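Residues per chain are reported as follows:
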Amino acid sequence: MKSKTIKVDMLARVEGEGGLTVKIKNDQVIDTKLDIFEPPRFFEAFLRGRKYYEAPDITARICGICPIAYQTSSITAMESILGISVDGPLRDLRRLIYCGEWIESHALHIYLLHAPDFLGYEDGLRLAKDYPDVVGRALKLKKIGNDVMVFLGGREIHPINMRVGGFYKVPTKKELDSLKEPLQWALEASLETVKFTAGLNFPDMERDYEFVSLRHPDEYPLFAGHIYSNKGIDIPIPDFLKYFEEEHVSHSTSLHAFVKGRGDYLTGPMARFANCYDQLPKIAQKAAKEAGLGKTCLNPFKSIIVRAVELVFACHEALRLIDNYQMPEKPYIEAVPREGEGHGCSEAPRGICYHRYKIDSSGLIKDARIVPPTSQNQKAIEKDLKLFVQKNLHLSDDKLTWQCEQTVRNYDPCISCSCHFLKLKVIRENS
């Protein structure tokens with residue numbers, strides 16, 4: 001009898017504190033765990049008793065990489081309570097700042113967090129020594145995404161210009177046009193990024209996922225539409241908790257979400273791509289086809305290509321929004337507090353971010369519920385780890401450990417805003 005435990009005490013190149021454990025006995029994988037030990041942060045608790053208009057600025061602090069997602073979900077939830085419908089230029093500006101977040105986040109993940117795995121480097125710094133032009137492209141792309149967030153949000157980390165009903169301040173057409181030249185460069189760079197990622201070598205692995213994302217009849221989804229899955233779910237956002245549930249697990253401070261009566265599901269770029277391919281602009285569809293992707297990608301390692309295709313979309317969409325922009329008469333729609341319950345959902349770079357709030361007649365928050373993307377993907381990550389290890393038991397411990405980490409990084413898990421370096425520990429038992 002032979003048993004082996006592969007343990008990664010601290011995952012590198014992910015946002016936050018987490019590790020993984022894989023147990024093997026008699027050439028069978030008997031357990032896989034994504035261990036998340038980030039301390040609880042109690043955002044839902046300390047939102048209670050705060051004014052409804054404080055929610056966007058408070059929830060933005062949940063993540064330094066995707067604050068717009070948290071802000072947008074909280075804003076749209078509050079607007080649903082208050083009877084506000086934001087459209088026209090204000091809605092376009094909301095999509096534009098969201099594009100900025102996708103650009104900076106996808107560029108960071110593709111080049112500095114994920115590409116080193118495929119090219120055999122421990123981190124982006126070592127990658128830069130041999131691929132200075134590639135890393136230079138990554139940094140410039142990320143800066144352009146950050147610049148869009150600064151321009152519309154006031155700063156790139158936890159922006160402060162978004163509010164319920166719109167923005168505190170909006171740009172003129174001339175001011176917004178100043179973003180066009182760098183975004184045109186970014187669009188060309190994103191097409192090169194698709195080619196770059198398509199040239200990587202990918203482990204052979206596919207799985208029949210339940211893909212869950214937003215779907216909108218007229219646009220690639222960012223913060224509006226229905227919650228949709230390729231396995232038959234098509235529901236309005238307020239019905240989220242009727243179909244999806246979270247549970248505590250002993251090895252994680254983060255809850256695990258699942259589809260009631262079915263199990264794990266996947267959200268994020270691969271889900272959006274599969275569910276909403278027809279809403280991608282032609283330039284992104286063409287890039288995907290030339291990269292060898294069909295209309296659905298089932299290999300999680302190729303998610304890096306899908307992210308690159310979404311980078312093309314975000315740059316193209318940003319330019320389209322700027323071209324069509326006309327400065328609104330007012331930067332926001334006034335709101336009058338009233339009692340009610342509201343739901344919001346938006347597409348963070350790594351998947352759907354669901355919020356539910358209850359407020360009283362004076363506008364105080366009575367209850368808050370937030371379901372982030374990483375908690376929704378954890379069961380799928382663990383299932384993929386089990387499948388991958390079972391297929392690759394022939395690999396050495398070092399190689400298997402490396403590729404287990406890579407498997408986790410396929411999903412760009414946003415455990416928190418911090419990032420730690422890696423400690424590896426392999427325990428073997430023979431009897």
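Quick note: structure is the one above.
Being a predicted model, the structure only gives us computed values, none of them experimental.

(A) Layout of the overall build of the protein. Scanning the protein from terminus to terminus reveals 14 helices and 16 strands. Counting every position in the protein, which comprises 431 residues, the buried fraction comes to 60%. Considering only contacts in the protein between residues 6 or more positions apart, those separated by 24 or more positions represent 71%. For the protein, the exposed area adds up to about 17500 Å²; of that, 50% sits on carbon and sulfur atoms.

(B) Summary view of the pattern of salt bridges. Counted according to the given criterion, the structure contains 27 salt bridges. For glutamate 219, the salt bridge goes to arginine 95, with nearest N and O atoms at 3.3 Å. Here the residue glutamate 219 occupies a position in the loop between strand 7 (212-215) and strand 8 (226-229), and arginine 95 occupies one in helix 4 (residues 88-119), the gap between them amounting to 124 residues. Note on glutamate 219: relative accessible area 13%, which makes it buried.

(C) Structural context of empty space enclosed by the protein. This model, assessed by the stated rule, comprises three cavities of 30 Å³ or more. As a volume, the largest cavity reaches approximately 80 Å³. Lining of the largest cavity is provided by Leu266, Thr267, Gly268, Pro269, Met270, Pro300, Ser303, Arg307, Arg350, Asn377, Asn410 and Tyr411. Elements supplying a minimum of two residues to the lining of the largest cavity: helix 10 (269-276) and helix 12 (303-323).

(D) Quick peek at the environment of arginine 50. Mapping arginine 50 onto the fold places it in the loop between helix 1 (43-47) and helix 2 (55-59). Measuring from C-alpha to C-alpha, the distance between arginine 50 and isoleucine 359 comes to 9.5 Å, with 309 residues separating the pair along the chain. Contact partners of arginine 50, with chain neighbours within four places excluded, come to Ile58, Gly363, Leu364 and Ile365. Polar contacts involving the side chain of arginine 50 include one to the side chain of glutamate 54, which spans 2.9 Å.

(E) Local environment of helix 11 (residues 282-290). Within helix 11, the full set of buried residues consists of Ala284, Gln285, Ala287 and Ala288. Taken down its axis, helix 11 places every buried residue within 160° of arc, on the same side. With respect to the buried face of helix 11, the exposed residues turned more than 90 degrees away are Lys282, Lys286, Lys289 and Glu290. In this structure, the buried residues of helix 11 make contact with helix 8 (180-198), helix 10 and helix 12. Positive backbone phi, at 90°, marks glycine 292, one or two positions downstream of helix 11.

(F) Seen up close, the sheet that holds strand 9 (residues 234-235). The antiparallel open sheet is built from three strands, whose spatial order is 7-8-9. The sheet is open, and its two edges are formed by strand 7 and strand 9, each paired on a single side. Where strand 7 lies against strand 8, four bridges are found, and the strand directions are antiparallel. The residue bridging leucine 214 from the neighbouring strand is isoleucine 227, located in strand 8. Here helix 10 sits on the sheet in contact with strand 7 and strand 8, set at roughly 50° to strand 7.

(G) Quick look at the pairing of strand 14 (residues 365-371). Looking at chain direction, strand 13 (residues 351-359) and strand 14 are connected through six bridges and run antiparallel. Bridge pairing in strand 14 links isoleucine 359 to isoleucine 365. Linkage of strand 13 to strand 14, two consecutive antiparallel strands, is achieved through a turn of five residues, within which glycine 363 is found at a positive phi near 95°.

(H) Highlighting the side chain of glutamate 347. With respect to the helices and strands, the residue glutamate 347 is situated in strand 12 (residues 340-348). Among the polar contacts listed, one links the side chain of glutamate 347 to the backbone nitrogen of leucine 214, at a separation of 2.8 Å. Ignoring sequence-local partners within four residues, the contact set of glutamate 347 consists of Tyr98, Trp102, Ser213, Leu214, Pro221, Leu222, Arg272 and Ile352.

(I) Representation of the side chain of histidine 343 in the model. Here histidine 343 shows up in strand 12. Ignoring any residue separated from it by four or fewer positions in sequence, one finds histidine 343 in contact with Thr76, Ala77, Ser80, Ile237, Pro238, Tyr354, His355 and Arg356.

(J) Quick peek at helix 13 (residues 373-391). With 19 residues, helix 13 extends 27 Å between its outermost C-alpha atoms, agreeing within 8% with the 27 Å of an ideal straight helix rising 1.5 Å per residue. Of all the bends in helix 13, the greatest, near 30°, is centred on lysine 379.

The rules behind these values
- Residue positions are counted from 1 within each chain, in the order its sequence is given.
- Selection of residues for local features in this predicted model requires a pLDDT of at least 70, selection of side-chain atom pairs for listing and counting requires 80 or more, and totals for whole chains, interfaces and linings are taken over all residues.
- Excluding hydrogens and water, the side-chain figures rest on all heavy atoms present in the structure.
- The helix count covers DSSP runs of H or I at least four residues long, the strand count covers runs of E at least two residues long, and both are numbered beginning at the N terminus.
- The rule is simple: take the accessible area with a 1.4 Å probe, protein chains only, and divide by the maximum for that residue type; under 20% is buried, over 50% is exposed, in between is partly exposed.
- Whether two residues are in contact is decided by their heavy atoms: any pair within 4.5 Å suffices.
- A 1.4 Å probe and the Shrake-Rupley method give the accessible areas. Residues count as covered only by the protein chains that appear here.
- For salt bridges, the criterion is a side-chain nitrogen of Lys or Arg within 4 Å of an Asp or Glu carboxyl oxygen.
- Here a cavity is any set of points on a 1 Å grid over the protein atoms alone where a 1.4 Å probe fits but cannot get out, and a pocket is any open set with protein on both sides within 12 Å along at least 5 of 7 lines; a residue lines the site when it has an atom within 4 Å of a point.
- Grid points are joined across faces, edges and corners, and a volume is the space filled by probe spheres set on the points.
- Pairing of N or O atoms within 3.5 Å defines a polar contact, subject to two protein rules: one partner must be a possible hydrogen donor and the other a possible acceptor, and residues neighboring in sequence count only if both atoms are side-chain atoms.
- The directions from the helix axis to the C-beta atoms are what the arc is built from.
- Criterion used throughout: strands pair if DSSP finds at least two bridges between them.
- To obtain each axis, a line is fitted to C-alpha atoms, and for helices this fit is confined to the stretch in contact; angles are then taken between N-to-C directions over 0 to 180 degrees.
- Here the expected length of a helix is defined as 1.5 Å per residue gap, with one fewer gap than residues.
- Throughout, the bend at a residue refers to the angle made by two axes, fitted to the seven residues ending there and to the seven starting there.

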